[in-house]
Amino acid sequence: MSVYSHVLTQDGIIPKESLLYPFEERGLQFGDGVYEVIRIYQGSFDLLEEHIDRLYRSADAIRLKVPFIKTELIAALQKLTATNDVRTDAKLYLQITRGSATREHSFPDVPSNFYAYIEPSNRPVSSLQHGVRAILADDIRWDLCYIKSLNLLPNILAKQTAKEKGAYEAILHKQDTVTEGSSSNVFMIKDDILYTHPATVNILHGCVRARVLELAQQAGLQVKETAFRVENLLQADEVFITSTTSEIMPIIEIDAKQVGNGKPGSITRILQRAYEKACGIHVTAFA
Ligand code: PDD
């Protein structure tokens, strides 16, 4: 399951071995860049435009130039899947940095560096079926979390703590308010109402989050984009997280405390099935 042979750069599609950066590179030295992770199901992109729109929003927010216009970029990414003959479930990773230049904090006058590569990636079927554990962790990030920035140190530290405690995800809270996961958005269900943090500067506006809100409304669920507290989360009937790679992932335990009856809830299941349909997935994980 290694990375497909060809990558897309600002200069076109090249073999991955040819992609080399000098050590003085803004992404490497400063984390000065933005990124996206995009799902591919059976060779086709899912939510491609949504991810690309967010990429431009993130780049604009840090005054970074994307070296493609939107239609060109979408065409180039489609060409990348064709060149690699991608037919499996996979994910595309894409990043843009402020370029290669002598190390100095202020912006250099050089072109951005862009690359995108594709890697096979299976759906986490067993976890989707049975649910996973989460821990709580302080949200120690900055004030502009809607930017999908390469600076992920707080997220990495939270995820590592989760892993060391045998959990799948760290659910972050700023003071008492639940924001999102270290690499996911967080939802809870209480008395048949679906809650998630509003799309403010304090969370990444997840592409899956937006789709789930739509699907929930279509399913007739009452939806509230309202911040909630840790104590509400711990008393929820159902909890799940969402992301490009985790889809709708049931949380069955938080800090060793059972969520609901300790099994993925019925509303979560309804949304998981609707999500599979929306992605065009033919083989359901929930037969
Ligand atoms: N992470 N919040 C954070 C902090 C994230 O890093 C992610 C995605 C999400 C969910 O966004 P989306 O639904 O658009 O995938 C929310 C990606 C998958 C990653 O960093 O690997």
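Keep in mind it's a predicted model, so treat the numbers as computed, not measured. (Residues numbered from 1 in each chain as written. Predicted model: local features only at pLDDT ≥ 70, side-chain atom pairs only at ≥ 80, totals over all residues. Heavy atoms only, no water.)

1. A closer look at the overall build of the chain
Thought 1: Helix and strand counts for the chain come out as eight helices and 15 strands.
Thought 2: Whereas a compact globule of 287 residues would reach a radius of gyration of roughly 19 Å, the chain reaches 19 Å, a difference of no more than 12%.
Thought 3: Dimensions of the chain, computed from C-alpha atoms along their principal axes, come out at roughly 55 × 40 × 35 Å.
Thought 4: Within the span of the chain, comprising 287 residues, buried residues form 51% of the whole.
Thought 5: Of the contacts formed within the chain by residues at least 6 apart in sequence, a portion of 70% connects residues at least 24 apart.
Thought 6: Per element, the accessible surface of the chain, about 13,800 Å² overall, is 52% carbon and sulfur. (Helix = DSSP H or I, 4+ residues; strand = E, 2+ residues; numbered from the N terminus. Rg over C-alpha atoms; globule rule 2.2 N^0.38 Å. Buried < 20%, exposed > 50% of the residue type's maximum accessible area, 1.4 Å probe, protein only. Contact = heavy atoms within 4.5 Å. Areas by Shrake-Rupley, 256 points an atom, 1.4 Å probe, with all protein chains shown as cover.)

2. Some points on the site of the ligand
Thought 1: In the vicinity of the ligand lie 20 residues, with Tyr35, Arg54, Glu180, Cys207 and Thr244 positioned nearest.
Thought 2: Here Tyr35 contributes a side-chain N or O atom positioned 2.7 Å from an oxygen atom of the ligand.
Thought 3: Ser184 is positioned such that a nitrogen or oxygen atom in its backbone is 3.5 Å from a nitrogen atom of the ligand.
Thought 4: Taking 480 Å² as the accessible area of the ligand by itself, protein coverage stands at 90%.
Thought 5: Taking a 2 Å distance to the grid points as the criterion, the majority of the atoms of the ligand fall inside the largest pocket.
Thought 6: Counting only elements with at least two residues in the shell around the ligand, the list comes to strand E3 (33-41), helix H2 (48-61), strand E9 (177-181), helix H6 (207-218) and strand E13 (238-243).
Thought 7: When residues of the shell around the ligand are sorted by domain, at least three fall in each of domain 1 (6-120) and domain 2 (125-279). (Near = heavy atom within 4 Å. Polar contact = N/O pair within 3.5 Å; in protein donor to acceptor, adjacent residues only side chain to side chain. 1 Å grid on protein atoms, 1.4 Å probe; cavity = no way out; pocket = protein on both sides within 12 Å on 5 of 7 lines; lining within 4 Å. Sits in = over half its atoms within 2 Å of the grid points. Domains from an automatic or database assignment.)

3. Considering the packing of aromatic side chains
Thought 1: Here the structure, examined in full by the defined rule, presents seven aromatic pairs.
Thought 2: Considering the side-chain rings of Phe187 and Phe240, the 4.9 Å spacing of their centres and the 15° angle between planes classify their relative orientation as stacked. Here Phe187, found in strand E10 (residues 185-190), pairs with Phe240, found in strand E13; they are 53 residues apart in sequence, far enough to count as distant. For the residue pair Phe187 and Phe240, the accessibility class agrees, reading buried in each case.
Thought 3: The lysine or arginine in question, Arg98, covers the ring of Phe107, its NZ or CZ lying 3.6 Å from the ring centre. (Phe/Tyr/Trp six-rings, centres within 6.5 Å; stacked < 30°, edge-to-face > 60°. Lys NZ or Arg CZ within 6 Å of the ring centre and 35° of its normal.)

4. What about the domain arrangement of the chain?
Thought 1: Domains assigned within the chain are domain 1 (6-120) and domain 2 (125-279).
Thought 2: Here the C-alpha centroids of domain 1 and domain 2 sit 26 Å apart.
Thought 3: If you look at the interface, domain 1 gives 23 residues, while domain 2 gives 18 residues.
Thought 4: Summed over both partners, the interface of domain 1 with domain 2 buries about 1,700 Å², with 59% contributed by carbon and sulfur atoms.
Thought 5: The partner of Asp46 in a salt bridge is Arg211, and the shortest N-O contact between them spans 2.9 Å.
Thought 6: The interface formed by domain 1 and domain 2 includes seven residue pairs in polar contact (both at pLDDT 80 or more).
Thought 7: Contributions of two or more residues to the side of domain 1 that touches domain 2 are made by helix H1 (26-30), E3, H2 and strand E5 (90-97).
Thought 8: If you tally residues by element for the side of domain 1 that touches domain 2, the top one is E3, at eight residues.
Thought 9: Per-class residue counts for the side of domain 1 that touches domain 2 are ten nonpolar, seven polar and six charged. (Buried area = accessible area lost by both parts, 1.4 Å probe. Salt bridge = Lys/Arg side-chain N within 4 Å of Asp/Glu carboxyl O. Nonpolar A, V, L, I, M, F, W, Y, C, P; charged D, E, K, R; others polar.)

5. Quick word on the environment of Thr200
Thought 1: Mapped onto the fold, Thr200 is located in the loop between strand E11 (193-196) and H6.
Thought 2: Separated by 158 residues in the primary sequence, Thr200 and Gln42 have C-alpha atoms spaced 33 Å apart.
Thought 3: The contact partners of Thr200, leaving out residues within four places of it in the chain, are Tyr146 and His205.
Thought 4: A polar contact of 3.1 Å, which involves the side chain of Thr200, links it to the backbone nitrogen of Asn202.

6. What to know about the sheet that holds strand E2 (residues 12-15)
Thought 1: Pairing within the open sheet is antiparallel, and its six strands lie in the order E2-E1-E6-E5-E3-E4. In this open sheet, the two strands that pair with only one neighbour each are E2 and strand E4 (44-45).
Thought 2: The pairing of strand E1 (residues 6-9) with strand E6 (residues 113-120) spans two bridges and is classified as antiparallel. Within the sheet, the bridge partner assigned to Leu8 lies in E6 and is Ala116.
Thought 3: Where helix H3 (residues 70-83) meets the sheet, its contacts fall on E1, E2, E3, E4, E5 and E6, and the angle it forms with E1 comes to roughly 170°. (Pairing = 2+ DSSP bridges. Axes fitted to C-alpha atoms, helices over the stretch in contact; angles between N-to-C directions.)

7. Some remarks on the layout of surface pockets
The rolling of a water-molecule-sized probe over the atoms marks out the regions of remaining empty space.
Thought 1: Taken as a whole, the largest pocket encloses approximately 1,100 Å³ of empty space.
Thought 2: As for the largest pocket, its lining consists of 46 residues, of which Tyr35, Lys148, Leu152, Ser182 and Ser183 are closest to the centre.
Thought 3: Of the residues assigned to the lining of the largest pocket, the class counts are 19 nonpolar, 18 polar and nine charged.
Thought 4: Mapping the lining of the largest pocket onto the domain boundaries places at least three of its residues in each of domain 1 (6-120) and domain 2 (125-279). (Points joined across faces, edges and corners; volume = space filled by probe spheres on them.)

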